[in-house]
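Fold and contact review
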Amino acid sequence: NLDGYKLWLNYDKIEDPQLASDYSNLVRSIYLSNSSDILKNAQNELGRAIPRLLEKNGSYTATIQPENTLIIELFEKLPSDLRLQLENDFRTTNDEGFLIKTISYKSNPVTVISAKKDIGILYGVFRLLHLMQTHQKLTTIDLIDSPKVKLRMLDHWDNLDRTVERGYAGFSLWNWQKLPGYIDQRYIDYARANASIGINATVLTNVNANALILNPMYLDKVEALATIFRSYGIQVYLTARFSAPIELGNLKTADPLDPDVQNWWKNKAAEIYKRIPDFGGFLVKANSEGQPGPQNYGRNHVDGANMMATALEPYGGIVIWRAFVYSEHDDTDRAKQAYDEFLPYDGKFMDNVLVQVKNGPIDFQPREPFHPLFGAMKQTPLVIEFQITQEYLGFSTHLVFLPKLFEEVLDADTFQKGKGSTVSKVIDGSLYGNTLTGMAGVANIGTDLNWTGHPFAQANWYGFGRLAWNPYLSAETIAEEWLKATYSSEKAFVEPLKKMMITSREAVVNYMTPLGLHHIFDTGHHYGPGPWVDDLGRPDWNPVYYHNADYNGIGFDRTPTGSNATEQYAKELETIYNDTRKIPEKYLLWFHHLPWDYKLKNGIDLWDGLALKYQEGVNQVKDMITTWKNAKPYLTEGQFKEINMLLQIQLKEAEWWRDACLLYFQTFSQRPLPKGVDKPA
Ligand code: GCW
């Protein structure tokens, strides 16, 4: 099925005669300056889209004319009477923002796409095309939009041998062997897709990758990719292995306070910027899961990050330092360790350092409360790291719409500066007034024909980009945009499918880890259930560490009688989380160890409630299958079949999760399954 290759940039023919005629009028006479690579790409995109949407070419004028129906030009280059009309709107747009507006020029109505910089024009053109392919009325339009977050970044976990850590969509896109000479069309289409949703940064390599990427041979290849991506407004970043000065530079140490080490990084930065003047900087995983770091030399994260930041600073580069740390030598609750370790460093990092924090305190689970560092770390810009690839959410086999998860985290109130101190406000910088802001998503992209393995996983890439642009968008809006752009704008198709996508996140929580359970996945691959696993080398990797099921009950006590992780949250939340009567039940077993006969809010026993949640997850997948079958008239045979097969697997595996977890937990609860829960096969 080749359909999926074009992602949400299908540009299917507009069948509605009224819309087709309106849009044809709009592109009857276009002015678009193409004085830069970015603007040329804007023109290329129009050239690609208009003939498909309208079965005719747009016609262009060489200069701005009174007869123009669409004028696409930088604000400062617009004729003065247009500028005057738009001046006010430009007070609120930032350097990457744009406007699309119908105004009048020499007594004729004209639609103007304008921006302060070329990249805004490209974003505006993509938005106009999106509005067309999702059948919006455009006879008069008044749209101003600017991204709220500066770094909108994909983190690839791609190794140089083209395997992708936690990648379920084939191999890495980056063909290192053929680069730099051979430019795969895929690089361009990847950049187009990203630019269409506003992604402006990409980390090409895995945080666990070796140091080789920093060798000149590879830097030549990175340069070739950076050249393409630059023409779509995307900056390239690399992961930097902390021990690179030893591995590549033959130094005896990588101690960040050693002058030779500092010089090595300075020279490396100079070498990179000579090739790639707009190089973004380094993403670093240090002293985490066995990666080398400053602690190997008795130094700390601040020493390490600032040493690299010093090397990059002359060129405007930045360091993104990950806070995903937890140690097997520390028997503190794993959920507490990153906060304990990083909070004391607040205010000590250089201005060009950002700390990247995963959305939750454990590890990309189907549901976690937000990471307590958000809001607490007040003087350090934090990048939130989401995982778009579905390591703990059924790989590319299960349909799970992640923007619902992202939205839940972004909307969460940290209370760290009073009520309304949401994670979004931490991330967009509005809470503490920082200007360097970022959102990162671990990419789910690979060489599969449809890029993401599961066709609906494209929606997670799309949705991540949209939320990075505007963290206040709703998951519903995003689902609707994506469905319309990817499949069909028919209401009878969109409405039920939207509902299915929104439910899909709760479904996976229900059939994998309901009521706050977490990390009960089988070892290593993290695909199926493994709540019984208790014999791994590191106790903090054993599922039993997280669910603590015994004859008395189940759950992780993170209240003052247990690990007291709740103290890392603001008082308002600490009180709620500590209190079984106040805590939202979706977090119940994350924070509490409770007896099997504990009474849930609906009056039933915990054991029964848990079992019914597992069943609910299975039932929700059955409903998804029905919704998909009903959508058949709007789909090609290939589209229908592909997802139907995947949903059938998802159902089987939802049942597997339910049966495995309930049979295992039942050995402790020693209670029968309640009415309504299917007997295990
Ligand atoms: O959850 C773990 C993953 C690792 C990953 C690590 C991290 C890149 O299982 O595969 O390594 O998180 O985020 O560093």
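Source: prediction; values computed, not measured. (Residues numbered from 1 in each chain as written. Predicted model: local features only at pLDDT ≥ 70, side-chain atom pairs only at ≥ 80, totals over all residues. Heavy atoms only, no water.)

1. Side note on the site of the ligand
The condition is simple: Near residues are defined by distance, with any heavy atom within 4 Å of the molecule or strand qualifying the residue. Distance and chemistry together define a polar contact, namely a pair of N or O atoms within 3.5 Å, with one atom able to donate a hydrogen and the other to accept it when in protein, and with adjacent residues in sequence counting only for side-chain atoms on both sides. Residues are grouped as follows: Ala, Val, Leu, Ile, Met, Phe, Trp, Tyr, Cys and Pro are nonpolar; Asp, Glu, Lys and Arg are charged; every other residue, Gly included, is polar.
In the vicinity of the ligand, 15 residues are found, and the nearest of them are E165, K285, R322, D363 and E391. One of the side-chain N or O atoms of R322 is found 2.6 Å from an oxygen atom in the ligand. Considering only residue class, the shell around the ligand consists of four nonpolar, three polar and eight charged.

2. Comments concerning the pattern of salt bridges
The test is simple: Salt bridges are defined by distance alone: a side-chain nitrogen of Lys or Arg within 4 Å of a carboxyl oxygen of Asp or Glu. Only protein chains enter the accessibility calculation, which uses a 1.4 Å probe; a residue whose area is less than 20% of its type maximum is buried, one above 50% is exposed, and one in between is partly exposed.
This structure, assessed with the given rule, holds 44 salt bridges. Note that D659 is salt-bridged to R658, the shortest N-O span being 2.9 Å. The same class applies to D659 as to R658, namely buried. Overlapping salt bridges bring together R367, E408, R505, E506 and K586 as one network.

3. Here we look at the pairing of strand β14 (residues 438-442)
Our working rule: Going along the chain from the N terminus, every DSSP run of H or I of four or more residues is numbered as a helix, and every run of E of two or more is numbered as a strand. Two strands are said to pair when DSSP picks up at least two bridges between them.
Taken across its five residues, β14 has five buried, putting it largely inside the fold. Burial along β14 is two-sided: the residues G438, A440 and V442 and M439 and G441 are all buried. Here strand β7 (residues 151-155) pairs with β14 via five bridges, running parallel. Residue R152 lies in a different strand from β14, and its bridge partner there is M439. Looking at chain direction, strand β13 (residues 382-387) and β14 are connected through five bridges and run parallel. Counterpart to F386 in the pairing with β14 is G441.

4. Looking at the nonpolar core
We apply this condition: Remark: nonpolar core denotes a set of buried residues (Ala, Val, Leu, Ile, Met, Phe, Trp, Tyr, Cys) joined through side-chain atoms within 4.5 Å.
One finds F229, W265, F456, W461 and F665 to be the most contacted residues of the largest nonpolar core, which totals 222 residues. Listed in part, the 13 residues of the second largest apolar core include Y31, F75, F90 and L99.

5. Points about the environment of E385
Condition: By definition in these notes, contact holds between two residues if any of their heavy atoms fall within 4.5 Å.
Along the chain, E385 falls in strand β13. Taking the relative accessible area as the measure of exposure, E385 reaches 1% and is therefore buried. Through-space distance from the C-alpha of E385 to that of K148 is 16 Å; in sequence the pair is 237 residues apart. In contact with E385, other than residues within four places in its own chain, are D155, W157, R322, Q356, V357, K358, N359, F364, A440 and V442. Of note is the side chain of E385, whose polar atom sits 2.8 Å from the side chain of R322. At a separation of 2.5 Å, a polar atom in the side chain of E385 contacts the side chain of Q356.

6. Considerations on the domain arrangement of the chain
Quick reminder of the rule: Annotation comment: domain bounds sourced from an automatic or database domain assignment. Buried area is a sum: the accessible area each of two parts loses on coming together, probed at 1.4 Å, counted once for each and added.
Splitting the chain by domain gives domain 1 (2-145), domain 2 (151-486) and domain 3 (510-556 + 593-669). A C-alpha centroid distance of 29 Å is found between domain 2 and domain 3. Between domain 2 and domain 3, the residue contacts involve 25 residues of the former and 25 residues of the latter. The contact between domain 2 and domain 3 buries some 2,100 Å² in all, and 59% of this surface belongs to carbon and sulfur atoms. The largest share of the area that domain 2 buries against domain 3 comes from Y392, T397 and H398, three residues that together contribute 25% of it. Taken together, the connections running from domain 2 to domain 3 amount to twelve residue pairs in polar contact (both at pLDDT 80 or more). Grouping the amino acids of the side of domain 2 that touches domain 3 by side-chain chemistry returns nine nonpolar, ten polar and six charged.

7. Let's talk about the side chain of R192
You can see R192 is positioned in helix α5 (residues 185-197). Residues in contact with R192, not counting those within four places in the same chain, are L9, Y11, E45, R48, F126 and Y232.

8. Here's the deal with the sheet that holds β14
As a reminder of what qualifies: Axis lines are fitted through C-alpha atoms, for helices just across the contact stretch, and the angle between N-to-C directions can take any value from 0 to 180 degrees.
The strand order β7-β8-β9-β10-β11-β12-β13-β14 describes a closed barrel built from eight strands, whose pairing is parallel. With direction set aside, neighbouring strand axes in the sheet form an average angle of 25°.

9. So, the packing of aromatic side chains
Spelled out, the test is: Two rings belonging to Phe, Tyr or Trp (six-membered ring only in the last case) form a pair when the distance between their centres is within 6.5 Å. Interplanar angles under 30 degrees mark stacking, angles over 60 mark edge-to-face geometry, and anything in between is tilted. Remark: a charge is flagged as sitting over a ring if the NZ atom of Lys or the CZ atom of Arg is within 6 Å of the ring centre and within 35 degrees of the ring normal.
One pass over the full model with this rule turns up 48 aromatic pairs. Each ring, one from W265 and one from F282, has its centre 5.6 Å from the other, and the planes form 70°; the classification is edge-to-face. One end of the pair, W265, is in helix α8 (residues 259-275); the other, F282, is in strand β10 (residues 281-284), and 17 residues separate them in sequence. F282 carries the same exposure label as W265, and that label is buried. Seen in terms of ring centroids, Y345 and F349 are 6.3 Å apart; in terms of plane orientation they differ by 80°. Their pairing is edge-to-face. The burial state of Y345 is the same as that of F349; both residues are buried. Among the aromatic residues, those joined into a cluster by ring pairs are Y5, W8, W174, Y187, Y190, F229, W451, W461 and Y462. Here the basic side chain of K358 rests over the ring of F324, its NZ or CZ set 3.2 Å away from the ring centre. For R538, the ring lying beneath its charged end belongs to W541, and the centroid distance is 4.6 Å.

10. Considering the environment of A191
With respect to the helices and strands, the residue A191 is situated in helix α5. Taking relative accessible area as the criterion, A191 reaches 0% and is therefore assigned buried. Considering only alpha carbons, one finds A191 and I228, 37 residues apart in sequence, at a separation of 7.8 Å. Excluding anything up to four places from it in sequence, A191 contacts F229, Y232 and I234.

11. Overview of the environment of S504
When you line up the elements, S504 lands in helix α15 (residues 491-512). Contact partners of S504, with chain neighbours within four places excluded, come to L399, V400, F401 and M624. Here the side chain of S504 touches F401 through a polar contact of 2.9 Å, landing on its backbone nitrogen.

12. Concerning the sheet that holds strand β3 (residues 70-74)
Taking strand neighbours across the sheet as the criterion, the six strands line up as β2-β1-β3-β5-β4-β6 in an open arrangement whose pairing is mixed. Edge positions in the sheet fall to β2 (60-61) and β6 (142-145), since each has one partner strand and no second.

13. Remarks on α15
Selection criterion: Each helix should span, by expectation, one fewer than its residue count multiplied by 1.5 Å. The angle between axes fitted to the seven-residue stretch ending at a residue and the seven-residue stretch beginning at it gives the bend at that residue.
End to end, α15 covers 32 Å across 22 residues, agreeing with the expected 32 Å (1.5 Å per residue, within 8%). Of all bends in α15, the biggest is about 35°, found at S504.

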